[in-house]
Amino acid sequence: MKTILDITRTELKTLFYSPIAWLILFIFVIQANITFSDVFEWLLKFKEAGRSMSDITTSIFSNQQGDQGVLPKMKSNLYLYVPLLTMGLMSREISSGSIKLLFSSPVSSFQIVLGKYLAMLLYGLVFLVALCVPIIFGAYGIKDLDVPYLLSGLLGIYLLIGAYSSIGLFMSSLTSYQVVAAFSTLALLGALNYVGNIGQDIEFVRELTYWLSMSGRSEAMISGLIISEDLVYFLVIIALFLCFTVVRLEAGRIRNRLQNFGRYFSTVLAGVLLLFIFSRPAFKFYKDVTATERNTLRKSSQNILKNIEGKVTITTYVNLLDYYAFFGVPAQVKKDMKRFEMYTRFKPDLQFKYVYYWDTPTNNPYIYQNYPDNSDEEIAKKVASIYNIGFDKVLNPEQVKNVGLKDEGNVFVRLLQHENGNKIFLRIFKDMEVLPDEKEISAALKCLQTGSIKVGVINTHGEREVFKTGDSDYSTATVLKTNRGSLINNGFTFENVNLSEGEIDPDLDILMIADPRHAINEMEQHKIIRYIDKGGNLFVSTEPRRRENVSFLANKLGLSFREGILVEPDDSFAPDLIVNNLIPGVPEKISFLFEAISEQNAKVTMLEGMGLEYASAGEGDYDVEPLLQTKWRGCWNELESTDFETAPPVLNPDVGEVEQPYEMAIALSKTFGSREDQRIVVLGDADCFSNNEMMMKREALITNNSAFLSGIFEWLSNGQVPVDVRKPPFPDNGFKISFSLFKIWKIVMVWLLPLGIGVTYLFVWFKRRSI
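Residues numbered from 1 in each chain as written. Predicted model: local features only at pLDDT ≥ 70, side-chain atom pairs only at ≥ 80, totals over all residues. Heavy atoms only, no water.

(A) Here's a closer look at the overall build of the protein chain. When helices and strands are tallied, the protein chain shows 27 helices and 20 strands. Taken over 771 residues, the protein chain has a buried fraction of 53%. Across the protein chain, the fraction of contacts at a sequence separation of at least 24, relative to all contacts at a separation of at least 6, is 76%. Taken as two groups, the 76 positive and 86 negative side-chain charges of the protein chain have centres that lie 16 Å from each other. (Helix = DSSP H or I, 4+ residues; strand = E, 2+ residues; numbered from the N terminus. Buried < 20%, exposed > 50% of the residue type's maximum accessible area, 1.4 Å probe, protein only. Contact = heavy atoms within 4.5 Å. Lys, Arg positive; Asp, Glu negative; His and termini not counted. Charge placed at Lys NZ, Arg CZ, Asp CG, Glu CD.)

(B) The arrangement of the environment of F170 in detail. Here F170 shows up in helix α8 (residues 147-172). Sequence spacing of F170 and S152 is 18 residues, and the spatial spacing of their C-alpha atoms is 28 Å. Residues in contact with F170, not counting those within four places in the same chain, are F241, F244, T245, R248 and Y264.

(C) Summary view of the environment of V764. Inspection of the secondary structure assignment puts V764 in helix α27 (residues 739-770). Given the relative accessible area of 22%, V764 is considered partly exposed. For the pair formed by V764 and Y17, sequence separation is 747 residues and the distance between their alpha carbons is 7.3 Å. Each residue touching V764, except ones within four places of it in the same chain, is listed here: F16, Y17 and W22.

(D) Representation of the nonpolar core within the structure. Counting 86 residues, the largest nonpolar core has F40, I60, F61, L78, F127, L131 and M214 as the members making the most contacts within it. Residue contacts for F40: discarding those within four places in its chain leaves I60, G141, I142, F735, I737, F742 and W745. The next biggest cluster of nonpolar side chains, apart from the first, holds 67 residues, and it includes Y343, I441, M664 and L716. (Core = buried A, V, L, I, M, F, W, Y, C linked by side-chain atoms within 4.5 Å.)

(E) Looking closely at the packing of α8 against helix α12 (residues 228-250). Close contact between α8 and α12 brings their axes to 8 Å; oriented N to C, the two are set at 20°. Comparing their axes, α12 and α8 come out roughly parallel. Of the two possible hands of crossing, α8 and α12 adopt the one that is left-handed. Between α8, through L155, L159, L160, G162, A163, S166, I167, L169 and F170, and α12, the contact on the second element is made entirely by L231, F234, I237, I238, F241, L242, F244, T245 and R248. (Axes fitted to C-alpha atoms, helices over the stretch in contact; angles between N-to-C directions. Parallel < 35°, antiparallel > 145°, perpendicular 65-115°, else oblique. Left-handed = near helix turned anticlockwise from the far one by under 90°.)

(F) Region of interest: the sheet that holds strand β4 (residues 351-357). Spatial ordering of the open sheet is given by β5-β4-β3-β6-β7, a layout of 5 strands whose pairing is mixed. Two strands bound the open sheet, and with one partner strand each, they are β5 (394-395) and β7 (423-426). Pairing geometry for strand β3 (residues 312-319) and β4, over 7 bridges, is parallel. Bridging from a neighbouring strand, T316 pairs with Y354 of β4. Sitting on the sheet, helix α19 (residues 438-450) touches β3, β6 (413-418) and β7, and the angle it makes with β7 is about 170°. (Pairing = 2+ DSSP bridges.)

If you want it as C-alpha cells, here you go:
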C-alpha cells in the first residue's frame, strides 16, 4: 500500500505542477459558478417581481432539459477535461523511458496502475469541492434546499469522473504521445456514449449495446435516484479499463500474445456478464433521496402493484401508418420501456411486447400526402423499411381484427393483459405530453386487478348522451379516448341502460340520469327507486325547464328544486351563467380531486341552473353535503324574465326573488346494510359537463368543471378511481436573501474564487522555480 501511495503522491505533484490541471480547474470553477449565478439571478428576479416559485433546487442545479442546471452542464463538459488530465499518466513514462525503470523495480503493474488512478480520483475530489461552492451558497440563499438530492448528483458526477479517468489511463498506456492519448480517450468516450444507438432495431444487439452505453448513466443520480444498475455499471467500467491497463503493462513483460488476448477476453466477458446480471429487474435496487420522492411511484400506485398476483404483459401495438408510430419503433424500444421503470421497480415480472401492424383509418393524413399513389400496404412497407422492421413481422388488418384496435382508432395503444385473461387498453392523448402518466397507468393496472367501475347511463328519454359528440352531450368528459381527463381513461366504463328491458343491472356501480327531456313512466320510476332502495349509487342532473321529469327522485331523496332560473348579471357574460364556488371543507370530505379547484381558486360554471333545497334530506337518514354555492351578492332566482337577450333580469323581491347564495350541487350518503355507503349526487344544472362547456374558455375566468366531475365520480366510486397520485409540494419554494446581497455573492463566486485559484497557481509556480 505504501508503494501505491508513493506513486499517487508523485502523480499528484506532477498534476499540480502542470499548468493544464490549474487551467482546467480555473475554467471548471468559472463555468459552474456562472451557470449557478445566472439561473439563481433569473429566478430571484422572478420572485421579487411577484411570481411564485417552486422546486428551485431542480431549476438551478439539476434541470437536465438542455443542460440548464449546474450539475448537468458540468457533467456534459467532463469528457473534454478528463482526457487532458489523463493523457500523460502513462504516455509520459513511456516516452521518457522511465517505464523500463518501473518494470525493473520491485513494483507490480497493479501498483503502478492503482497509484496513478488514485491520483486522478483525488483530483476528481477537487472538482466536487468546486461544485460544493454553489451548493453551499444555495443552502444559504434558498429556502429548504434539497441537499440529499444534490449529493446524489455529486455522486453521479464523481463516478463519471472515475470512469473517464480509468479509460484515459488505459488509452495513455497505448502510446508514447500525449496528444494521441488525449484524442484517443476522447474518441473512446464518444464511442461508449454513442454505442447505445447502435443496432437498436435488432433485439439482441439492442440489449447488448444498451448495457454497454455510458450515455445517461449518471442522469438518474443527478435527478436524485440512485439505481444499483448504474452503480454497478460505473464500477465494472472502472475495473474493466484498469484491468486492461494492467494487462497492457504486463504485455511488456509477457510476450505471449495468445495469453494476453485471453486476459483481455476473460476481462471483457466477466464485465459483460456482470452488466447483464445487474441490469435484470429482479437484481435492481433503488434509493430515491429527494425530499418529495419525485422519482418514486406514490403509495397508492405501489399498493396496486403489490396486490396484483401473477404476471402482467404490456403489449404495445404500433400501427406503421399512425402519426405516433415513432414512439414504438425498434430504435425507441429501450427508451419506451424506460418510461415504465418506476413500475418494474415494484413489479419486476412485468413483461413487454411490441407488435407492428398496419391498418386504416388512422389519425395521420400527412403520410398519404407523402405517398399519394401508393396503397396502404405499400406505404406500410416503405415505413417498415425506414425503421428497419422486417415486413414479414408486420401484421395485416386481418391478423389483428380480434384485438379491438379498430375501436381504438388504430392508433398507437397498449394492451395490458393479466395472465388470468383480464385486459384493458392504455391509450395516448391529444395534449402536450401525449403519453400516459402515473395516474392513467395506475388506473389501468387497478382495473386490470379489480375491474373498472361500471356506470350505467339511462338513455331512453332524451337524456344527455355519453357516446355522442353533440354540444350538449357528455362524451368529452366521459368516454373521449384521446382526452387524458375523461373518466374512461381513469378507471370507468359506460354502458347504456334501457329501463323498458328489465330491472337495472345490480352489478352497476353507478347509475347516471342526465337531464331526461321526456317523462319517465311510472314503471321505470319504480325500477329506479328499487335500485336506490337496494343501496345503488346515483348521479342526477337536470335543467330548470325539465325539473318535473326527475321530481320523483327529488321527493324520494328529500330534495326539491327551487322555482325559476338562477341569474348572475355580469357585463362580460350571459346573466344565466352562474359562477359557483366550491364550499370550504368539501375537498377533505368528498374528493382529493377537488383540491385542484381550491388551489387554483377555480370556479365551476353552470348555465340555466337552479338552486336545490335539502332540509328534508336529513330526515331520510342521509348525510347531506352541499358541494357548490353561488356568490353571496348579485345572484337570485329569476321568476319573471325568460328572454335575457331582450329583457335583462332585474331583481324583484315583490314576486319572491331573493338575492342570496344558492347551493347547486348536493351530495347525499348513508350506510346501507352490509355494503359500503350509498352515495348520491344531484345537480341543479346539466350543462356544466356538456361537451360545449368542457371546451369553453372565458376571458379572465378560471374554471375547472373537469376536476369537479372527476371528483364527483371518485366519491361515487367509493374512492376506487381515479387513483390518488398527488405528490407533496416542493419545500424549496422561496429565497432567503435579497437581490442586493446576491450581487455581492456573484462577485465572490464569479470573480474572487477564480482569481484565488490563479493566485494559488502562481504561488506554486514561483515556489517551484525557487527550489
